[in-house]
Structures are given as C-alpha cells and as structure tokens.
Amino acid sequence: MLMASYIVRRLLQMVPVLILVSVFVFFILHIAPGNPALMIAGPDASIEVIEEIEAELGLDLPLYEQYLRWAGNVVRGDLGRSLRTRIPVTEELLEYMPNTLALAFVSITISSILGIIIGVISAVRQNTPLDTGIVFVAVSGISAPSFVRALLLMWVFAITFEWFPISGRPAGPLFSLPVLHAMALPALALAIGGMASLARLSRSSFLEVLRQDYVRTARAKGLSERVVQYKHALKNAMLPVITILGFRLGAMFGGSVIVETVFAWPGVGRRIIGAIGTRDFPVIQGAVLMLATVYVLVNLLTDISYAYVDPRIRYD
Amino acid sequence: MSLLDDRRLALVCALIFAVGIIGMACAPEVEEEPDPTEPEEPEYDFDAGIVISRGEEAETLDIQNTTHASANTTWELLGDSLVIFDEEGNPSPLIAEDWDVSDDGLVYTFYIRDDVTFHSGKELTAHDVEASFERWLSVEGSPTRGDLGEVESLEATDDYTFEIRLEEPHNAIWNVLASPYGTILNVENIDEEGDDWGTARAELIDGTGPFMLADWRRDDQMVLERNEDYVWGPEALYENTGPANIKEITFRVIPEETTRAAEIRRGNIHIDTGVPSAEIPSIKEAEHLVTIMNRPPSLSFLGINCEAAPLDDVKIRKALAHAINREEIVEVVRDGMGDPPYSFLRPGTPGYCPHDPLCFEDEIIRYDVDQAIELLEEAGWTEVDDDGIRMKDGERLESTLSISDTETAVVQGELVQSYAREIGMDIELNTMELAALFEHLRAADHEMFTMGVGYGRRGPDTLYWYHHPGQRPAPNRFYLEHDEMTELLELSRVTPDEEERQEAFCRIEQILLEEVPWIYLTYRDYLAAHDEKLENPQLEHAMYTFPKLLEVKVLSE
C-alpha cells in the first residue's frame, strides 16, 4: 500500500519534469537560427513558397501560441506530424524506438554483467598487476568517445575478422539471432563506456564493504573467504551500482545518437540527428519527450528495486 | 555378273548411307571445339538483385512536394515523365511519343503512348496526365511547381492528347517536364491516402517506371522489384527499352561515409555513386570494384553582395577574383577531383558557349596577384596599416565571408582568406550550420558567402534563377543591378529562337565576368564505384541524373 502511494507520488512528480523538458526543448529549438520552412522548400525557394509552408505548418504564429497548441495536442496523445516526412511523430517514434530500446537493453545488460564481474575481480585482486591493468583499461574505456569505440570495434571485428555484419539491421523480430548478431557491435560500443564506469564503481564499493564490521564478524565466525565475499559482501556492494544503472540509461541514449549513425542502425538517435539538421521541430520535441519519459520511468524502477535489494529501505 | 555385282555394290552403298544417316541422327551431339581466339560469351543472372547505398533517406516519395535527391533517384526508377533529355540535353519521347509547340510558345500539345500502364495495372491515359499535373499545381508549398511557368490551363483533349496552355512563353518548362518532378502519378491513390501519400503504404506508390516499390523500412532499406510489363523505356538513352535485366534493387541507407565504403569493399553494396574523398584510395585498390568519374554540371562559387561596401566597387570584386588560385583550391579542397572554373557553365555541358574562341575569352579572370594589386590601387586602396591591410580614407579593406560548418567549406574559406591577405584584404570567416546559413543569407545581411550549385536540371536557365532581380532574396543573393543582363535573362525564357537564346547566355556569361557578382571556385568531380559483376550500370551521370537501370546486367557467379 505504502509502495503504491509512493509510485503514484513519483508518477505525479514526473509531470512537472516533463513539462519543463518540453518547454526547454521547444524554446531552445525555436530560438536557434534555421527555418524549417526554408529547409523544406530548399534554399532557393521563393518567399511566397516559404510563407505558404510556414502558414501550412503554423510556423507563422507567435511562439507561445505554437507551444500551447503543440502541448494541447500532446495531452491528447498527438505529437503532431513530422515537418519533413509528414508522418505522425507517434508513428515514427513507435517505428524507431524499439530499435533504440533494444540496443540500450542489450548494452546495459552487457555493461552490467561484465562491469560488475571486472570490478569485483579488480577488488579481490587489489593492488596486483591485474588490478592495475583493469583500472588502465577502464579509464581508457571511459575516456574514449563513442564514435572512436564504434569505429575501432567495426574495424577489428567486422572488417578485419568479418565476425559481425558491418552495419544495418536485418529484417525480423528484435531479439532474433540475425538481429542480435547485427546488434552486437553497436551494443558493445555503447556498453564499453558504462562497463568501465561500472567496473570502477563496483570495485570501490566492494572494497568499502569488505572493510565493514559485519564482514569482519563473518570472517571471525570462520566462514570461508569465498562465502564472505560473494554471499555477504557482494549483495551490499551492489546498492550504489544499481543507482548508477538508472543514470547510465541517459548516457546510453546520448551515445546512441553517434553509434546508431556509425552502424546505420535505424533508431531514435539517428532520427534525431536527421531532424536537427532539417529543423524538424515536432520530431525532435516528440523524441526528446519520449526519451525523457523512459528515463524518468527507469529511474523510478531503480528506486523501487532498492527495496528488494536492501530491506532497510522503506517508502513511507 | 558384273552387272549383278554393280547392283550389289549399289545396294551395299545405299545401306551404308542409310545406316550412316540414322547413326548420325541418333549419335550424341558432338561439341565443337571452342575457338580460343573468340571471347567467351558471358552468362547473366536475370533474377539477380543489386544493392545501392545512399547517405540519406528519401524523406517523402511525394515527388511533387520535395526536391530531395533520394526521392529523385527513386522516381527515376519508379516512374516516367512525359519526356526525357537525351545525351545532348534535348527532350526525347517517354510517356509522350510526340509533341507540338505553338509558334507563339504558349501551347504545348503532347501525344501520349497508348500502351503504358501503371504498376497497379491501370491503363495510363491523357486524363491521368491532366490529373497528375492538376495535383502538382495544387500542392501547397510545392518547391517545383513554379518551374512550370504561368499555367493558364491543363486539358486532356482526348484519351491520348494532353495540352498545357501558358500565359506567357517559358522555354525552361522542358527542364521540369523532363525531370522526375514531372513524373505522371496515379492520382486516384493519392486521393485515397490524403496527407499520408508518399510516406506510408508502399502499395499506394503507383508509377509507370521499370521498377515497383515492394518494401520500405525507413532509414534502413527500400526494395524495388522489376516491372515485368515495362516496354516503353526511352529509346534515345537505352538500347533495352524494358523490362530491366535485374529483378530487384535494394537501396540501403548508410549515413556514415566510412561505413559505406567498408560495405562496398566487403561486397555487400554493389553501387555507390558518391565515394567520399578520404575513401577513394582504398576503393580504387579493391580488385572487385570498378570506378567511374562523374563530371556533373555543378559549381562551387563565392557569392558577393554587390551592395555591401567595400565590395560594391567592381574593382575590389575583380581584384579578389584575380587573387584566388583556383588550381590550388581544386587540389587542396577537392583532392584534385575537379577542374578550375572560368565560366558558369562547365565546358561540354548543354548550353556552353558554342563559339571558338569563346565569346567571353577576353573577360576570363585568371590567377594574377599583380593584376589584383593594380586594381586595388586604381580603386584608391593605396595605404597599408601595420597588419599589412590596405586602407583608404582611414577605412580598412575588410569583409566577412559566411560559410557553412562543413570541413570542405571551412578549408575553402581559409584558403580564400589567405589569398585575400596576400593582396592586403582582411576577410573574417563567419561559420555557421547549414540551416542557419540559409536563413542568414535570406535576411540579406551578408557580404560574401560560399555555396555550391548543381544545374543538371535547370541547365543555363539557372542563371535566371540566380541573377534575375525577381529572384531576391534567394537564390539571387548578389544584388547586382544590371539592366542589360536582366533583359537578356528574360529574353532567354521567351524567345522561340534557340540561336538567340544561346547568344543571350553567352553575353550573360560575359557580363558576369565583367561585373563579378560571384567568383567561380571549383567544378567538382565525383567518383562512382560499382562491383565488377555488374555490366553497363551507366553511372557516368549518376550524380545528377540517375539511370533507369534498364541496361545493367549481373554476371552469373
């Protein structure tokens, strides 16, 4: 019951967050130079044609009126139509979003599993050459921009060894074998950054837990080191790691813009890049709003999952 | 005895002959030894498909409402226009087998073929042509409908005759009639789909071209299948008038140039019409790839706002033109892929000056720093400040060059900046994103800018668009007042006399060199590449007119 009211409260808190996001994105876009009607008509179009397009798209209205009109439609579930493709934005996003979410899901799964394993190994082997090596690789992974990681992975695994397709998304269901095969490299390119930071966090968290009194007690009780580390310490060390998993999703969405372009993966990130270049306002606004909603919801899920990992936490 | 023997002998001979004949008939066919001097006849796979890469998705397939290059390419394959330009740039039959133009240039009558059908199976008549043109004129904000000129009426006078009546002559109408924008569409489908037409359901895209749209996954791939009924391909351009020799075409959208190059090297892509400069060496090295150079009618130029001081003085404009080393720009900016330009129209393209020597030979502006300095001094810019910048009446010789933020534009801008510096002119670069640049230029507060123009579709009529005062603020961003040029531009559109039209363009080229509202920088070449297993893909002009792919054949594995 307490949990239900907590969830409702958090969902209500989402509303002002999303309104702020929408206002911010809307005005940033409209203040930036570049006229969508001009981009549709082409740089050489006559004034009459541009004015016609502006009137057709409502771009000749005052800014606040344009926002209110758009926001009113959003409340009714209508994100408008793309200025360029004329397709309803909702329809476009439903087409592109599953590809991005699947990429983010696979990427977070890879980065979590590998990041935690590497972090724990690094902690257990603290101050050994293995630990130093892992720290070096992790820092390199965090530092390398996503397009460098993407091109490097493509060059090694797709072009040189030919183990994976170079680019594109084969037809078929999202989690079918050919699609997962094609998704492997973009997901890994996205995962490396997260994996590196998760490894660093897991390491420090695990080391901190190992210094706690209850760990000392467990050792004093005569439990084997393996049981102490993996049964008692690991679960408690994971709490801060879960926190960062939710935040990682935002970084994944940011990175997907580049990675999807490099691997020709038809996701929302790539669609946003195209929409920014052509000033396709409804698509950018709709995509950002949808990504923000997913982000907020995932963070809510993260918070809820605390209760299951740490029974001391109560949502009252 | 001897007689009998002779008969026996004849009988035996007849028997041997008969057995021989039967034996020959029943014997297995003896294969002829191949002549080693004769080349082996290649075998083709007529059920093969090919994959073509594109950097950007076609935003919409509503060809009457877009100028997007990917939509153009697609409609070259999906549809047909009334006429099509032949190699010399003259209109030749396609949907219309013949046509008449009235002496006053106001009435165009087209005689439509009676054997053309849409992909849906519907027979094409003059009424479909009329409906397609009517719809074109009614599309709100269509960027191309204005190219038709002032249309008074459109009418299908019978099932196979279509008439366009203009309010005033418009020679340039052929440019749009012969382009994919003039594709005849099945309007019934458009009415059914409303706003969604061209964007949503593939089965509603109904043209008459050699290929039909089978599947479209946006930003991923588009699949076209052979139209087995197609037999009306343009004879002026293709020996094979249909059906095509390949069964399927897949367009794959790959925005990143490095990825695109990797895919064609791996053999996953069979045609790339624009190999990026950085990838040219590796593409040329690949043994399974054939490369073809495209020399499209396109130009990059530096435009000048002739009303903005100090560039309102023609001597300054001309001095800057002399200071620019075009050969070096082609080498540095285009990696040697192109030519230094000295006129708007590229030599060899339709409309280029037919005279020998050129009628504007004397006006050509070549790289000559001494001449540039002389002109500046003639204009009174004789003093020099501590930075080496020329001065006149206390004013520095300075200007701003607005450019887009692409690497090519920035490098080109920096070169221009350094050339100007050599003659004592200070140029500040104003770099901005493309969308912002277009808006900035439209506001007319620019001094100089760089831009590219492709004139494959409009031909020399592009000069009208770029320099007629009625085309301000865009694409006429030069603000040059020149009555003679304006009159000549207008004459070029209305005169029925082709020779007079040609002379007008020659004189306009001359005026542009005298007045220097723009400085030509490069004619750009493009490299197309295709897999060696494709025969005759006809990619020589693919950068501005994509072929209908009627001739291409795929060699059997």
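Bear in mind that the values here come from a model prediction, so they are computed numbers and not experimental data. Here the residue index of a chain counts from 1 through its sequence in written order. Chains carry letters and ligands carry numbers; both start at the beginning, A for chains and 1 for ligands, and go up in the order they are written. pLDDT decides what is reported in this predicted model: residues at 70 or higher carry local features, side-chain atom pairs at 80 or more are listed and counted, and totals for whole chains, interfaces and linings draw on all residues regardless. Water and hydrogen atoms play no part in the side-chain values, which are based on all heavy atoms of the structure.

Some thoughts on the overall build of chain B
Turning to step 1, where the next piece is worked out: Strands are runs of DSSP state E lasting at least 2 residues, helices are runs of H or I lasting at least 4, and numbering of each runs from the N terminus. Check the secondary structure of chain B and you find 15 helices and 24 strands.
Turning to step 2, where the next piece is worked out: Partitioning the intrachain contacts of chain B with sequence separation of at least 6 by distance along the chain shows that 68% fall at a separation of at least 24.
Turning to step 3, where the next piece is worked out: Roughly 24200 Å² of accessible area belongs to chain B as shown, and the carbon and sulfur atoms make up 46% of that amount.
Turning to step 4, where the next piece is worked out: Counting rule for charge: Lys and Arg are taken as positive, Asp and Glu as negative, and neither His nor the chain ends is counted. To locate a charge, the coordinates of NZ of Lys, CZ of Arg, CG of Asp or CD of Glu are taken. When the 42 positive and 122 negative side-chain charges of chain B are each reduced to one mean point, those points stand 3 Å apart. Throughout, a contact is declared for two residues whenever any of their heavy atoms are within 4.5 Å. For every accessible area listed, the method is Shrake-Rupley and the probe measures 1.4 Å; residues are considered covered only by the protein chains on display.

Quick look at the overall build of chain A
Turning to step 1, where the next piece is worked out: Secondary structure summary: chain A contains 12 helices and zero strands in total.
Turning to step 2, where the next piece is worked out: A principal-axis box enclosing the C-alpha atoms of chain A has dimensions of 85 × 55 × 35 Å.
Turning to step 3, where the next piece is worked out: In chain A, which comprises 316 residues, the share counted as buried stands at 48%.
Turning to step 4, where the next piece is worked out: In chain A, of all internal contacts separated by at least 6 residues, the share reaching a separation of at least 24 is 73%.
Turning to step 5, where the next piece is worked out: Across chain A, 25 positive and 22 negative side-chain charges occur, with their mean positions spaced 18 Å apart. Each residue gets one of three labels from its accessible area relative to the maximum for its type: buried under 20%, exposed over 50%, partly exposed in between, using a 1.4 Å probe on protein chains only.

Let's talk about the pairing of strand S18 (residues 398–404) of chain B
All names here are of chain B.
Turning to step 1, where the next piece is worked out: Counted residue by residue, S18 has five buried out of seven residues, so it is predominantly covered.
Turning to step 2, where the next piece is worked out: Taken together, the seven bridges between S18 and strand S19 (residues 426–432) define a ladder with parallel strand orientation. Paired with Ile-403 across the strands is Thr-431, a residue of S19.
Turning to step 3, where the next piece is worked out: As for the winding sense of the linkage, the β-α-β connection from S18 through helix H11 (residues 407–422) to S19 is right-handed.
Turning to step 4, where the next piece is worked out: Two strands make a pair as long as DSSP finds a minimum of two bridges between them. Of the pairings in the sheet, the one linking S18 to strand S20 (residues 448–454) comprises two bridges and is parallel in character. Counted as the bridge partner of Ser-402 is Phe-449 from S20. The definition of a right-handed crossover adopted here requires that, viewed with the strands pointing away, the path from the first strand over the helix to the second runs clockwise.

Considering the environment of Gly269(A)
All names here are of chain A.
Turning to step 1, where the next piece is worked out: Its place among the elements puts Gly-269 in helix H11 (residues 268–277).
Turning to step 2, where the next piece is worked out: Residue classification places Gly-269 among the buried positions, given a relative accessible area of 4%.
Turning to step 3, where the next piece is worked out: The spatial distance from the C-alpha of Gly-269 to the C-alpha of Leu-291 is 9.9 Å, given a sequence separation of 22 residues.
Turning to step 4, where the next piece is worked out: Those residues in contact with Gly-269 that sit more than four places away from it in its chain are Thr-100, Ser-256, Val-257 and Glu-260.

A word on the packing of aromatic side chains
Residues and elements named next belong to chain B.
Turning to step 1, where the next piece is worked out: Side-chain rings of Phe, Tyr and Trp, where Trp is taken by its six-membered ring, are said to pair if the distance between their centres is within 6.5 Å; with planes under 30 degrees apart they count as stacked, over 60 as edge-to-face, and otherwise as tilted. A full pass over the atoms with the stated rule returns 27 aromatic pairs over all chains.
Turning to step 2, where the next piece is worked out: Following the ring pairs from residue to residue traces out a cluster consisting of Phe-301, Phe-344, Phe-449, Tyr-455, Tyr-466, Phe-478, Trp-518 and Tyr-520.
Turning to step 3, where the next piece is worked out: Two thresholds decide whether a charge sits over a ring: the Lys NZ or Arg CZ must be within 6 Å of the ring centre and within 35 degrees of the ring normal. Above the plane of the ring of Tyr-464 lies Arg-493, whose end atom (NZ or CZ) is 3.7 Å from the centre.

Some details on the interface of chain A and chain B
Turning to step 1, where the next piece is worked out: Across the boundary between the two partners, chain A contributes 47 residues, which contact 38 residues of chain B.
Turning to step 2, where the next piece is worked out: Accessible area that two parts lose when put together, with a 1.4 Å probe and added across both, is what the buried area reports. It is Asp44(A), Glu52(A) and Ile166(A) in chain A that bury the most area against chain B; as a group they hold 16% of the surface buried on that side.
Turning to step 3, where the next piece is worked out: Every case where a carboxyl oxygen of Asp or Glu lies within 4 Å of a side-chain nitrogen of Lys or Arg is listed as a salt bridge. Applying the counting criterion to the chain A and chain B interface returns five salt bridges.
Turning to step 4, where the next piece is worked out: One salt bridge in this structure joins Arg84(A) and Glu59(B), with 2.7 Å as the shortest N-O distance.
Turning to step 5, where the next piece is worked out: Polar contact criterion, stated in full: a pair of N or O atoms within 3.5 Å, where within protein one must be able to donate a hydrogen and the other to accept it, and residues adjacent in sequence count only if both atoms are side-chain atoms. Our enumeration of links across chain A and chain B arrives at 15 residue pairs in polar contact (both at pLDDT 80 or more).
Turning to step 6, where the next piece is worked out: For the side of chain A that touches chain B, the elements supplying multiple residues, two or more each, are helix H2 (36–41), helix H3 (47–57), helix H5 (89–124), helix H7 (146–160), helix H10 (225–262) and H11 of chain A.
Turning to step 7, where the next piece is worked out: Element by element, the count of residues in the side of chain A that touches chain B is highest for H3(A), at six residues.
Turning to step 8, where the next piece is worked out: Classification used: nonpolar for Ala, Val, Leu, Ile, Met, Phe, Trp, Tyr, Cys and Pro, charged for Asp, Glu, Lys and Arg, polar for all others including Gly. The class makeup of the residues in the side of chain A that touches chain B is 25 nonpolar, nine polar and 13 charged.

A closer look at the nonpolar core
Turning to step 1, where the next piece is worked out: As used here, the term nonpolar core means buried Ala, Val, Leu, Ile, Met, Phe, Trp, Tyr and Cys residues forming a set that is joined through side-chain atoms within 4.5 Å. With 134 residues, the main nonpolar core has Phe301(B), Leu302(B), Leu320(B), Phe344(B), Met425(B), Trp518(B) and Ile519(B) as its most contacted residues.
Turning to step 2, where the next piece is worked out: With nine residues, H5(A) is the largest single contributor of residues to this core.
Turning to step 3, where the next piece is worked out: Judged by nonpolar contacts, the second largest core, of 70 residues, contains Leu77(B), Ala156(B), Val176(B) and Trp197(B).

Focus on empty space enclosed by the protein
Turning to step 1, where the next piece is worked out: Think of a 1 Å grid over the protein atoms and nothing else: a 1.4 Å probe that fits but is trapped marks a cavity, an open set flanked by protein within 12 Å on at least five of seven lines marks a pocket, and residues with an atom within 4 Å of a point count as lining. Grid points are joined across faces, edges and corners, and a volume is the space filled by probe spheres set on the points. Taken as a whole and assessed by the stated rule, the structure comprises three cavities of 30 Å³ or more.
Turning to step 2, where the next piece is worked out: Estimates place the volume of the largest cavity at around 80 Å³.
Turning to step 3, where the next piece is worked out: Taken together, Ala321(B), Arg326(B), Pro341(B), Tyr342(B), Ile365(B), Leu512(B), Leu513(B), Val516(B), Trp518(B), Ile519(B) and Tyr520(B) make up the full set of residues lining the largest cavity.
Turning to step 4, where the next piece is worked out: Listed by contribution, the elements that provide at least two residues to the lining of the largest cavity are helix H15 (498–515) and strand S21 (518–524) of chain B.
Turning to step 5, where the next piece is worked out: The element contributing the most residues to the lining of the largest cavity is S21(B), with three residues.
Turning to step 6, where the next piece is worked out: Tallied by class, the residues present in the lining of the largest cavity amount to 10 nonpolar, no polar and one charged.
Turning to step 7, where the next piece is worked out: Taken as a whole, the second largest cavity encloses approximately 60 Å³ of empty space.
Turning to step 8, where the next piece is worked out: Taken together, Ile40(A), Leu83(A), Arg84(A), Arg86(A), Glu59(B), Thr60(B), Asn65(B) and Thr66(B) form the lining of the second largest cavity.
Turning to step 9, where the next piece is worked out: Residue composition of the lining of the second largest cavity, grouped by class: two nonpolar, three polar and three charged.

Section: helix H1 (residues 2–31) of chain A
Given 3.6 residues to a turn, an α-helix orients residues that are three or four positions apart in the same direction.
Residues and elements named next belong to chain A.
Turning to step 1, where the next piece is worked out: Expected span of a helix, by definition, is 1.5 Å for each gap between consecutive residues, and there is one gap fewer than residues. Taking 1.5 Å per residue as the helical rise, H1 with its 30 residues ought to reach 44 Å, and the 44 Å between its terminal C-alpha atoms agrees with that figure.
Turning to step 2, where the next piece is worked out: For H1, the complete set of buried residues consists of Tyr-6, Arg-10, Met-14, Leu-18, Ser-22, Val-25, Phe-26, Leu-29 and His-30.
Turning to step 3, where the next piece is worked out: Where H1 is buried, its residues touch helix H4 (63–75) and helix H12 (281–309).

Re a nonpolar patch on the surface
All names here are of chain A.
Turning to step 1, where the next piece is worked out: On the surface, a cluster of nonpolar side chains totalling about 410 Å² of accessible area is made up of Ile-113, Leu-114, Ile-117, Ile-121 and Leu-130.
Turning to step 2, where the next piece is worked out: Of all the elements, H5 adds the most residues to the nonpolar patch, at four residues.
Turning to step 3, where the next piece is worked out: Counting through the fold element by element, Ile-121 comes out in helix H5. Within this analysis, patches are made of residues with over 30% relative accessible area and no salt bridge. Like charges are joined at 9 Å or less; nonpolar side chains (Val, Leu, Ile, Met, Phe, Trp, Tyr) at 5 Å or less.

Re the confidence of the model for chain A
Turning to step 1, where the next piece is worked out: Residue-level confidence of the predictor is what pLDDT reports, using numbers from 0 through 100. Of the residues in chain A, 99% have a pLDDT of 70 or more, and the chain-wide mean is 87.
Turning to step 2, where the next piece is worked out: At the low end of the mean pLDDT range in chain A sits H2(A), at 82; at the high end sits H7(A), at 93.

Brief notes about the pattern of salt bridges
Turning to step 1, where the next piece is worked out: Here the structure, examined in full by the defined rule, presents 43 salt bridges over all chains.
Turning to step 2, where the next piece is worked out: The closest approach of N and O atoms between Arg216(A) and Asp213(A), which form a salt bridge, is 3.3 Å. In this pair, Arg216(A) and Asp213(A) both sit in helix H9 (residues 213–220), three residues apart, roughly one turn of the helix. No difference in accessibility class separates Arg216(A) from Asp213(A), as the two residues are exposed.
Turning to step 3, where the next piece is worked out: Its salt-bridge partner being Asp426(B), residue Arg421(B) comes within 3.9 Å of it at the nearest N-O pair.
Turning to step 4, where the next piece is worked out: A residue is classified by how much of its surface remains accessible, and Asp426(B), at 22% relative accessible area, is partly exposed.
Turning to step 5, where the next piece is worked out: In the salt-bridge network here, residues are joined through shared partners; they are Asp385(B), Asp387(B), Arg396(B), Glu398(B), Arg421(B) and Asp426(B).

Details of H11(A)
Turning to step 1, where the next piece is worked out: Taken residue by residue, H11(A) has Val268(A), Gly269(A), Arg270(A), Arg271(A), Ile272(A) and Ala275(A) as its buried positions.
Turning to step 2, where the next piece is worked out: Looking at the buried side of H11(A), the elements it contacts are H5, H10 and H12 of chain A together with strand S10 (248–253) of chain B.
Turning to step 3, where the next piece is worked out: One or two residues past the end of H11(A) sits Arg279(A), with phi positive at roughly 55 degrees.

Considerations on the sheet that holds strand S14 (residues 338–339) of chain B
Residues and elements named next belong to chain B.
Turning to step 1, where the next piece is worked out: Spatially, six strands are ordered S14-S21-S13-S20-S18-S19 in an open sheet, and the strand pairing comes out mixed. In the strand order of this sheet, the two ends are held by S14 and S19, each with one partner.
Turning to step 2, where the next piece is worked out: In this analysis an axis means a line fitted to C-alpha atoms, helices contributing only their contacting stretch, and an angle means the value between N-to-C directions, from 0 to 180 degrees. Across the sheet, helix H8 (residues 314–323) touches strand S13 (298–304), S19, S20 and S21, and the angle it forms with S21 is around 25 degrees.

Some details on the side chain of Asp131(A)
Residue and element names in this part refer to chain A.
Turning to step 1, where the next piece is worked out: Inspection of the secondary structure puts Asp-131 in helix H6 (residues 129–143).
Turning to step 2, where the next piece is worked out: A distance of 2.9 Å separates the side chain of Asp-131 from the backbone nitrogen of Asn-127, its partner in a polar contact.
Turning to step 3, where the next piece is worked out: Within the local environment of Asp-131, its side chain forms a polar contact with the side chain of Arg-203, the two groups lying 2.7 Å apart.
Turning to step 4, where the next piece is worked out: Setting aside residues up to four positions removed in sequence, Asp-131 forms contacts with Ser-122, Arg-125, Gln-126 and Arg-203.

Here we look at the packing of H10(A) against H11(A)
All names here are of chain A.
Turning to step 1, where the next piece is worked out: Remark: H10 packs on H11, axes separated minimally by 7 Å, with the N-to-C direction vectors making an angle of 90 degrees. The orientation of H10 relative to H11 falls into the category roughly perpendicular. Along the contact surface, H10 presents Ser-256, Val-257, Glu-260 and Thr-261, while H11 presents Val-268, Gly-269, Arg-270 and Ile-273.
Turning to step 2, where the next piece is worked out: Residues belonging to the contact of H10 with H11 are distributed by class as follows: three nonpolar, three polar and two charged. Angular relationships are summarised with four words: roughly parallel below 35 degrees, roughly antiparallel beyond 145, roughly perpendicular across 65 to 115, and oblique for the angles in between.

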